[in-house]
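Now for the letters of each chain:
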Amino acid sequence: MAKNYTFNASINCSATSSTGYSQSQSGAFSLNITGIDQVQTGRLDIATGGTNIMEAPTYGKVVYVRNLDDTNFVTVSLLDDADNAIAILEPGEWFFTILRDTNVIDAIADTAAVTVEYFAVEIDSNA
Amino acid sequence: MATMSTAFTASGNFTLTDENGVVVFTYSPSFTSTSNTTAQTLYTGEHLAQSGGSELALTDVNDDRVYVFIKNVDTDYPVEVEASESEGSALEMADLKPGECFFTPMELNSDASGSSIKVTASTADQKVQYLINDAIDN
């Protein structure tokens, strides 16, 4: 099984005021990831009681979650605890981050279960 | 009374390729928020993240959800991003090596104890660029 990967990311963000004032920022980078075991991706139902997205990695991870629900938001957290949220995603919204720690990634649905699109990839200490 | 109305758009492209050249996944998400008629901030700029930690100027933020994009534009050391004081111990949102960036719709005030973003450089001060915009509260 492959254990070495190349991860490429690019992000573009812009904010516009009704006055016509607008600002944007963007970024792109690449990671060479070697000797890892956890590569998870797909779609997942998130329960109101919480659902684990990624078990604790050895060193760190890159994480993406997109809320595919039409109505309810979902909270993504480092622990099984909504107070430790790192993202609160309204329908259609997504987030991406890099964390070089050994915490798990959990998600908690509000009101009713939601489906998310996601990836969670372990990274090594040199990435 | 004047009001501020803003809309936010975020798009990305993420690809993982294995050592054999097989594309494991590609995602290209995008969304545009509805107009937030209660927005109070649209901040962008460059900030010197200090090794002892420093805070982005968010005193007028709407104290709840915000869209946050931050990029480490320096060349030497990582920068840690935290939702300052959102918990008893600061909650880490991202660890960015030089050139890396992240984006998240995040809540800064989950337990009503704080509403700012803290950036901390390791070893020596590092520059970050950021775009922060009030989001509609969930």
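In what follows, the structure referred to is the one given above.
A brief look at the structure comes next. Given the structure is predicted, the values throughout are model-derived calculations rather than measurements.

Each value, and the rule that gives it
- Residues numbered from 1 in each chain as written.
- Chains lettered and ligands numbered in written order.
- Predicted model: local features only at pLDDT ≥ 70, side-chain atom pairs only at ≥ 80, totals over all residues.
- Helix = DSSP H or I, 4+ residues; strand = E, 2+ residues; numbered from the N terminus.
- Contact = placed C-beta atoms within 7 Å.
- Nonpolar A, V, L, I, M, F, W, Y, C, P; charged D, E, K, R; others polar.
- Pairing = 2+ DSSP bridges.
- Buried ≥ 20, exposed ≤ 12 C-beta atoms within 10 Å, placed from the backbone.

### Section: the overall build of chain B
Moving on, step 1. On a plain count of helices and strands, chain B comes out with 0 helices and 11 strands.
Moving on, step 2. From first element to last, N terminus to C terminus, chain B shows the α and β order β-β-β-β-β-β-β-β-β-β-β.

### A short note on the interface of chain B and chain A
Many authors give the size of an interface as the accessible area that is lost as the parts come together.
Moving on, step 1. Between chain B and chain A, the contact holds 49 residues from the first and 45 residues from the second.
Moving on, step 2. The biggest single contributor to the side of chain B that touches chain A is strand E1 (residues 6-18) of chain B, with 13 residues.
Moving on, step 3. Of the residues that constitute the side of chain B that touches chain A, the class distribution is 23 nonpolar, 16 polar and 10 charged.
Moving on, step 4. Where strand E1 (residues 5-17) of chain A and E1 of chain B come together, 13 bridges link them in antiparallel fashion. Among the inter-strand pairings, Thr-16 of chain A is bridged to a residue of E1 of chain B, identified as Ala-7 of chain B.

### Looking at the environment of Val-65 of chain A
Residues and elements named next belong to chain A.
Moving on, step 1. Within the secondary structure, Val-65 sits in strand E5 (residues 60-67).
Moving on, step 2. Considered as a pair, Val-65 and Thr-97 are 32 residues apart in the sequence and their alpha carbons are 9.6 Å apart.
Moving on, step 3. Not counting chain neighbours up to four residues away, the residues in contact with Val-65 comprise Val-76, Ala-87, Leu-89, Trp-94, Phe-95, Ala-107, Val-116 and Tyr-118.

### Points about the pairing of strand E8 (residues 94-99) of chain A
Residue and element names in this part refer to chain A.
Moving on, step 1. The buried count for E8 comes to 6 of 6 residues, which makes it a mostly enclosed element.
Moving on, step 2. The side-chain alternation of E8 yields two buried faces, one formed by Trp-94, Phe-96 and Ile-98 and the other by Phe-95, Thr-97 and Leu-99.
Moving on, step 3. Pairing of E5 with E8, which is carried by 6 bridges, proceeds in the antiparallel orientation. In the sheet register, Lys-61 faces E8, and the bridge partner there is Leu-99.

### Quick word on the pairing of strand E7 (residues 85-89) of chain A
Residues and elements named next belong to chain A.
Moving on, step 1. Of all 5 residues in E7, 5 are buried, a share of seventy percent or more.
Moving on, step 2. Looking at chain direction, strand E6 (residues 74-77) and E7 are connected through 4 bridges and run antiparallel. Of the residues in E7, the one forming a bridge with Val-74 is Leu-89.

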